[in-house]
Amino acid sequence: MNTQDQHHRGLLRPRLVAAAGAAALTLTAGLATPLNPAPHQAQAKENKKVLTVAVAQSVDSLSPFLASRLVSTSIHRLMYEYLTNYDPADNHAIPGLATKWEPSADKLTWTYTIRSNSKWSDGQQATAEDAAWTFNKMMTDEGAATANGSFVGNFKKVTAPSATKLVIELKKPQATMAALDVPIVPKHVWEKVGDFTKFNNDKQFPIVGNGPFILTDYKPDSYVRLKPNKSFWRGAPKFDELVFKYYKDGDAAVAALQKGEVSFVSGLTPAQSTALKSQQNIKVNDAPGRRFYALATNPGAQAKNGKKFGDGAESLLDQKVRQALFLAIDRKTLIDKVFQGHAVEGEGYIPPRFSTYFWKPEASQQLTYDPARAAKLLDEAGYKKNGDGKRVEKNGKPINYRVLCHATDPNDKAVGQYLKEWYGKLGIGVTLNCLDNVTDPWLAGTYDLAFDGWSVNPDPDFVLSIHTCGALPATPKDTGATDNFICDKKYDELYDQQLAEYDTAKRADIVKQMESRLYDTGYMNVMAYPNAVEAYRTDQIKSIETMPKAAGNIYGQDGYWSWWSAVPAGSSGESSDSSSSTGVIIGIVAGVLVLAGIGAFFAMRRRSTAEDRE
């Protein structure tokens, strides 16, 4: 399995998109494990159905106010309702905690009708007051705004006139009001929290929520356990337990799938996918993905207060140098040799799956593979070769770029070898710094280039916001929402324009201008749009539906559809909500399932191990 980023979503945090891994593994009878302290026979006797999902990314926080990694934000979607959700067929906004939403004539006041049939798992009614409190806390407490603060930056006032009425007043129009991907938490529980920057929501179980699942147990860097919320308004999930188990070894997960110990895996490498296609009772899903794979440039780490920090190479501050690095990369070779056809050549910032916002550079604008032109740009920028054939920085030292790389992602390592070859021909050295956790050097700005990627949401606002000046950390000691310390005034102006534009076509045009700006400045070199490559056992999974329905992914969907609608093999049950076009069904036989994890689906906002927002 390879690594991935960012589903998803949370807001204010950068999440490196790395790939997602999911798998369900059945343990042998009578075996006691940390996930199954009691012998397996007891569960077999109860015929307990457990769906275990292997993940190659550990949880960074169980607090929805802090979490940035894909695995964490995906789990929060299972625990808490958002105001709205995304239809699994075509991604349009559908009711969540809110049954409807209406703007005023000037689009500055939005009124949401909160459903009356949603209860917190402790029995209390979920109301508009919970939503108002959640948003107000994010508006007034910087710590509470860590993950999703960009959603409320334009909020002027939020009130709850009644239990079923939520009113949000804006400073200026905001096009994302039907796509506020913020988990709504129970006020009566969270109002007792003191310091939101230190509270990880991982001490008392079960955790009170109103989503399709209730989180019952958690062990850091090991597992998360959830049970169905029997009072969930859309209907309870069909599995008796859902377990996310952290694993780093993708090959072990694939082996478990082949033995029938695992039901589902994602983030498969080309070799794994090819091998599994010929296996009996195994089906491979290979579909257009929702993430991009990029090489990010350190543009000079800085804070909002103007303080510079980090030690990025000075040469990378030159746009010609950054563009030369674009021109030195042969995307076609990467697609053919590294992804082996399981990806599309990268161009704009938004993947082609989101056709409304997908952008391609004009022919005259393209920075396609052209080593000669790259060398010429470097010469023009003043970075010429010395007598040894090495290009040197202005201080006279040979240029040698440090490239942050995820140790668990074979794609990073493979692409890194090509970078050494291609940049080497230009007289530029490359040192791959492959780490299990790239968070610290990334946030400290102590790198030159970095493998980056995000899972993009149906509404692109979040992945656009992480490149604004407003996303920078307040001071060098703070953590901001920035992905890569980019701060470009022209880009910021376009960002503000798209956020205030309600006309979809006009907004899309502005978004494409933003993508063009990112491309021209050379900060984000999108090299590929990887496919979602997954596999499951047909003798354990009754049926499964992708998102989008026509050709999409199973793991890492926008919403809780896959795990909520999963039906064990052999079951005659259908999806709890036949009106919803989901039908993601992942079944697992009776027994304790411990997930042999494969895949790296890291869409981290605060990158730690190799996915994007959510």
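A brief structural summary. (Residues numbered from 1 in each chain as written. Predicted model: local features only at pLDDT ≥ 70, side-chain atom pairs only at ≥ 80, totals over all residues. Heavy atoms only, no water.)

1. A short note on the pairing of strand β13 (residues 291–297)
Spelled out, the test is: Working definition: with a 1.4 Å probe on protein chains only, accessible area under 20% of the residue-type maximum means buried, over 50% means exposed, and in between means partly exposed. Under the scheme used here, helices are H or I runs from DSSP no shorter than 4 residues and strands are E runs no shorter than 2 residues, and both carry numbers assigned from the N terminus. Note: two strands are recorded as paired if DSSP finds a minimum of 2 bridges between them.
The element β13 is largely enclosed, with a buried count of seven among its seven residues. Judged by which residues are buried, β13 turns out to be covered on both faces: Arg-291, Tyr-293, Leu-295 and Thr-297 on one side and Phe-292, Ala-294 and Ala-296 on the other are all buried. Looking at chain direction, β13 and strand β17 (residues 449–455) are connected through seven bridges and run antiparallel. If you follow Leu-295 over to β17, its bridge partner there is Phe-451. As paired strands, β13 and strand β18 (residues 524–530) are joined by four bridges and run antiparallel to one another. Paired with Leu-295 across the bridge in β18 is Asn-525.

2. Considering the state of the cysteines
Selection rule: Any pair of cysteine sulfurs within 2.5 Å is marked as a disulfide.
Following the criterion strictly, the structure yields two disulfides and no others. Note that Cys-405 is cross-linked by a disulfide to Cys-434, the S-S spacing being 2.2 Å. Of note, the bridge from Cys-405 to Cys-434 carries an S-S torsion of about 85 degrees and is right-handed in sense. With Cys-405 in strand β15 (residues 400–406) and Cys-434 in strand β16 (residues 429–435), this residue pair connects regions lying 29 residues apart in the sequence.

3. Topic: the packing of helix α7 (residues 319–327) against helix α14 (residues 504–521)
What counts here: Inter-axis angles, ranging from 0 to 180 degrees, are taken between N-to-C directions of lines fitted to C-alpha atoms, where helices are fitted over the stretch in contact. For this classification, under 35 degrees means roughly parallel, over 145 means roughly antiparallel, 65 to 115 means roughly perpendicular, and everything else is oblique. Whether two residues are in contact is decided by their heavy atoms: any pair within 4.5 Å suffices. Note on residue classes: Ala, Val, Leu, Ile, Met, Phe, Trp, Tyr, Cys and Pro are nonpolar, Asp, Glu, Lys and Arg are charged, and everything else, Gly too, is polar.
At a closest axis distance of 8 Å, the pairing of α7 and α14 adopts a crossing angle of 95 degrees. The orientation of α7 relative to α14 falls into the category roughly perpendicular. In contact with Gln-319, Arg-322, Gln-323 and Phe-326 of α7, α14 contributes Tyr-519, Asp-520 and Thr-521. Residue composition of the contact of α7 with α14, by class: two nonpolar, three polar and two charged.

4. Comments concerning the packing of aromatic side chains
The criterion, for reference: Between 30 and 60 degrees the pair is tilted, below 30 it is stacked and above 60 it is edge-to-face, where a pair is any two Phe, Tyr or Trp rings, Trp via its six-membered ring, whose centres lie within 6.5 Å.
A full pass over the atoms with the stated rule returns 26 aromatic pairs. Here the aromatic rings of Phe-358 and Tyr-529 are separated by 6.1 Å at their centres, their planes lie at 75 degrees, and the arrangement is edge-to-face. In this pair, Phe-358 is assigned in the loop between β14 (343–345) and α9 (371–380) and Tyr-529 in strand β18, connecting sequence segments 171 residues apart. Across the pair, Tyr-529 and Phe-358 agree in class, each one buried.

5. Focus: the pattern of salt bridges
Basically, it comes down to this: Every case where a carboxyl oxygen of Asp or Glu lies within 4 Å of a side-chain nitrogen of Lys or Arg is listed as a salt bridge.
Inspection of the entire model under this criterion finds 14 salt bridges. Close ionic contact of Lys-320 with Glu-380 constitutes a salt bridge, the shortest N to O distance being 3.3 Å. Here Glu-380 lies in helix α9 and Lys-320 lies in helix α7, a separation of 60 residues in the sequence. Its relative accessible area of 34% is what places Lys-320 among the partly exposed residues. Between Asp-336 and Lys-332 there is a salt bridge, with its nearest N and O atoms 2.9 Å apart. Placement of the pair is Asp-336 and Lys-332 together in helix α8 (residues 331–338), with a separation of four residues, close to one helical turn. Its relative accessible area of 39% is what places Asp-336 among the partly exposed residues.

6. Observations concerning the environment of Tyr-536
With respect to the helices, strands and loops of the structure, Tyr-536 is situated in strand β19 (residues 532–537). Take Tyr-536: its relative accessible area is 8%, and that puts it in the buried class. The sequence separation of Tyr-536 and Ile-282 amounts to 254 residues, and the corresponding C-alpha distance is 5.6 Å. Excluding anything up to four places from it in sequence, Tyr-536 contacts Leu-257, Ser-263, Phe-264, Asn-281, Ile-282, Lys-283, Ile-541, Ile-544 and Ile-554.

7. Here's the deal with the sheet that holds strand β4 (residues 98–103)
Pairing in this open sheet of four strands is antiparallel, and the strands run β4-β5-β7-β6 from one edge to the other. The open sheet has two edge strands with one neighbour each: β4 and β6 (155–162). Sheet twist, expressed as the mean angle between neighbouring strand axes with direction ignored, is 20 degrees. Pairing between β6 and strand β7 (residues 165–170): five bridges, direction antiparallel. What sits directly across from Val-158, in β7, is Ile-168. Helix-sheet contacts for helix α3 (residues 128–140) involve β5 (109–114), β6 and β7, and the interaxial angle to β6 is about 160 degrees.

By themselves, these are just geometric observations and shouldn't be taken as functional.
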